[in-house]
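What follows is each chain in one-letter form.
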Amino acid sequence: MEQVECQAVTDDSAPPSPIDVTSLGSYVFCKRAGVIAYKQQGLDSDSEEAPRVPNLSYLPDFSVDELRVRFESLLPPFLRYMTTSVVGLFIVWMIARYGSVSLSILILIATLPIAWKALADGLMLLSILTELARYKQASPAVLDPTATEPLEVMWYDLVKAGYKPVKPRGRLEDHNLNLTGHPWRLLQSTDGVRIPVLNYNGENFQVRDSHEMRLALYSHLCKFCMRGSSSDWGILLNVKTKRCFAIPIDDNLRLNATLELDFFSKVLADDRENKKTPIPALTPCENCRFGKPRPFQPGKSETIFFAGAISAFPQNGRNERLVHSDCGDKFEWLPPHRYWQSDE
């Protein structure tokens, strides 16, 4: 592809800030992705919350208690909206049949928003009832303390075993490791167990090294910040199916994760000295969000880091349109994303 000149925007250097656990996960996936993730820390309010699955706002903590509260709050207005909709549609039918068609259309227009609200609330109530039925059918899960490999379990089996899902109120930090993180959820028990949870929204649900490293560091942060807590498991949750992998976390895994953190710190130090991060031997660019091209729009589409916008590195894409990506801009290259494998 032909490189196109673009006016540079200064990338001011900034003092090293704590490494977020999610950035370390990106680094395990790809060193260049890790550098970009680190430079974009703080641009999202809660990095572990993204990406979200649609229509899950009724599961704020994936908690049965929250489901019941939500159901009880939705049911009365749903009944009012439904009753009003039925009466309104009946009046529309009567007027259309025995009176003015134009008047019936006006009443229909006024009734449609109420009917739409009734439909939306009805679907929400149905979803909640589905989740409560899953919980009712669940059996309490027992996590084998001797396990050395991930165990498959259902989410509500864990909840029924007495683990309460909560959303951490603030970030967990270990200044000695220059590490910070905010788990998506924690499963807590009354005996001091804290199990970090990652949400998974993609296809091909399986445990990867990046998941293990993130959960191990969250486990460390739980033990460090919540003195007396036990954190020897991590959960990878598929939010669509509620399937989980329970991953045993021991001192060796936590040590490996801290070593990866140390290696990552050295890569970031090299980057601050303008040493270009090498391309991985097995380039994982095909589906990487940082390498995905987007239309180039001067002043609008630039790659943003916490130090500000950087120079774009646009290329001629499909239909002769200029495109660029975060990774391409940062490292001035053309990431082999699947975008380039198709003309569509």
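It should be noted that the structure appears before, not after, this text.
The shown structure was predicted, so the numbers you read here are calculated from the model rather than taken from an experiment. (Residues numbered from 1 in each chain as written. Predicted model: local features only at pLDDT ≥ 70, side-chain atom pairs only at ≥ 80, totals over all residues. Heavy atoms only, no water.)

Chemist: I'd like to hear about the overall build of the protein chain, residue by residue, with values.
Modeler: For the protein chain, the count of helices and strands is eight helices and 14 strands. The buried share of the protein chain, taken over its 344 residues, is 45%. Restricting the contact set of the protein chain to residue pairs at least 6 apart, pairs at least 24 apart contribute 69%. For the protein chain, the exposed surface amounts to about 18900 Å²; the carbon and sulfur share of it is 54%. (Helix = DSSP H or I, 4+ residues; strand = E, 2+ residues; numbered from the N terminus. Buried < 20%, exposed > 50% of the residue type's maximum accessible area, 1.4 Å probe, protein only. Contact = heavy atoms within 4.5 Å. Areas by Shrake-Rupley, 256 points an atom, 1.4 Å probe, with all protein chains shown as cover.)

Chemist: Lay out the sheet that holds strand E4 (residues 172-174) with the relevant residues and their values.
Modeler: Pairing in this open sheet of three strands is mixed, and the strands run E1-E5-E4 from one edge to the other. Of all strands in the sheet, those bounded by a partner on one side alone are strand E1 (19-20) and E4. As judged from the two bridges shared by E1 and strand E5 (residues 179-181), these two strands associate in the parallel manner. In the sheet register, Asp20 faces E5, and the bridge partner there is Thr180. (Pairing = 2+ DSSP bridges.)

Chemist: Before we move on, could you go through the state of the cysteines and cite the residues and values that matter?
Modeler: Working definition: the covalent bond between the sulfur atoms of two cysteines is a disulfide. Throughout the structure, instances matching the rule amount to zero disulfides. Free cysteine: Cys222, not disulfide-bonded; nearest cysteine sulfur from Cys225 at 7.8 Å. Residue classification places Cys222 among the buried positions, given a relative accessible area of 0%. (Disulfide = S-S within 2.5 Å.)

Chemist: So, the side chain of Ser104: which residues are in play, and what are the values?
Modeler: Position of Ser104 among the secondary structure elements: in helix H4 (residues 101-137). On the basis of relative accessible area, Ser104 is assigned to the buried category, the value being 4%.

Chemist: Could you give an account of the environment of Pro314, naming the residues involved and the relevant values?
Modeler: When you line up the elements, Pro314 lands in the loop between strand E12 (308-309) and strand E13 (315-316). On the basis of relative accessibility, which here comes to 1%, the residue Pro314 falls in the buried class. Taking the C-alpha atoms as reference points, Pro314 and Leu334, separated by 20 residues in sequence, lie 9.1 Å from one another.

Chemist: Describe the pattern of salt bridges, with residues and values.
Modeler: Applying the stated criterion to the full structure yields 13 salt bridges. One salt bridge in this structure joins Arg134 and Glu131, with 3.3 Å as the shortest N-O distance. With Arg134 and Glu131 both in helix H4 and three residues apart, the pair spans about one turn of that helix. Residue Arg134 is classed as partly exposed on the basis of its relative accessible area of 32%. For Glu152, the salt bridge goes to Arg243, with nearest N and O atoms at 2.9 Å. (Salt bridge = Lys/Arg side-chain N within 4 Å of Asp/Glu carboxyl O.)

Chemist: Could you give an account of the sheet that holds strand E14 (residues 322-324), naming the residues involved and the relevant values?
Modeler: One open sheet accounts for three strands, arranged E10-E14-E13; its pairing is antiparallel. Here the strands that pair on one side only, and so sit at the sheet edges, are strand E10 (294-295) and E13. Summarising the sheet, E13 and E14 pair through two bridges and their orientation is antiparallel. When the bridges of E14 are listed, Gln315 appears paired with Val323.

Chemist: If you had to explain the packing of helix H1 (residues 21-29) against helix H2 (residues 31-39) to someone new, which residues and values would you point to?
Modeler: As a packed pair, H1 and H2 sit with axes 5 Å apart at the nearest point and diverge in direction by 160°. Accordingly, the angle class assigned to the pair H1 and H2 is roughly antiparallel. Where H1 crosses over H2, the handedness of that crossing is right-handed. For the pair H1 and H2, the contacting residues are Ser23, Ser26, Tyr27 and Phe29 in the first and Lys31, Ala33, Gly34, Ala37 and Tyr38 in the second. Among the residues forming the contact of H1 with H2, the class breakdown is five nonpolar, three polar and one charged. (Axes fitted to C-alpha atoms, helices over the stretch in contact; angles between N-to-C directions. Parallel < 35°, antiparallel > 145°, perpendicular 65-115°, else oblique. Left-handed = near helix turned anticlockwise from the far one by under 90°. Nonpolar A, V, L, I, M, F, W, Y, C, P; charged D, E, K, R; others polar.)

Chemist: A description of the nonpolar core should follow, citing residues and the corresponding values.
Modeler: If you look at the biggest cluster of nonpolar residues, it comprises 43 residues, and the most contacted ones within it are Leu24, Phe264 and Phe290. Among the elements that take part in this core, helix H6 (residues 209-225) stands out by supplying seven residues, more than any other. Setting aside residues up to four positions removed in sequence, Phe264 forms contacts with Ile19, Ser23, Leu24, Tyr27, Gly34, Val35 and Tyr38. Grouped together as the second largest cluster of nonpolar side chains are 31 residues, Ala147, Trp184, Trp233 and Cys244 included. (Core = buried A, V, L, I, M, F, W, Y, C linked by side-chain atoms within 4.5 Å.)

Chemist: Describe in detail H2, supporting the description with residues and values.
Modeler: Along H2, eight of the nine residues are buried, which leaves the element largely enclosed by surrounding structure. Taken residue by residue, H2 has Arg32, Ala33, Gly34, Val35, Ile36, Ala37, Tyr38 and Lys39 as its buried positions. In this fold, the buried residues of H2 make contact with E1, H1, helix H7 (251-272), strand E11 (304-305) and helix H8 (326-331).

Chemist: Provide a residue-level description of H1, including the pertinent values.
Modeler: For H1, the buried fraction is high: seven of the nine residues fall into the buried class. The set of residues buried in H1 consists of Val21, Thr22, Ser23, Leu24, Gly25, Ser26 and Tyr27. Those residues of H1 hidden inside the fold are in contact with E1, H2, E5, H6 and H7.

Chemist: Tell me what's going on with unusual backbone geometry, and back it up with residues and numbers.
Modeler: For Lys242, which is not glycine, the phi torsion reads 70° and is therefore positive. Within the fold, Lys242 resides in the loop between strand E8 (233-238) and strand E9 (243-248).

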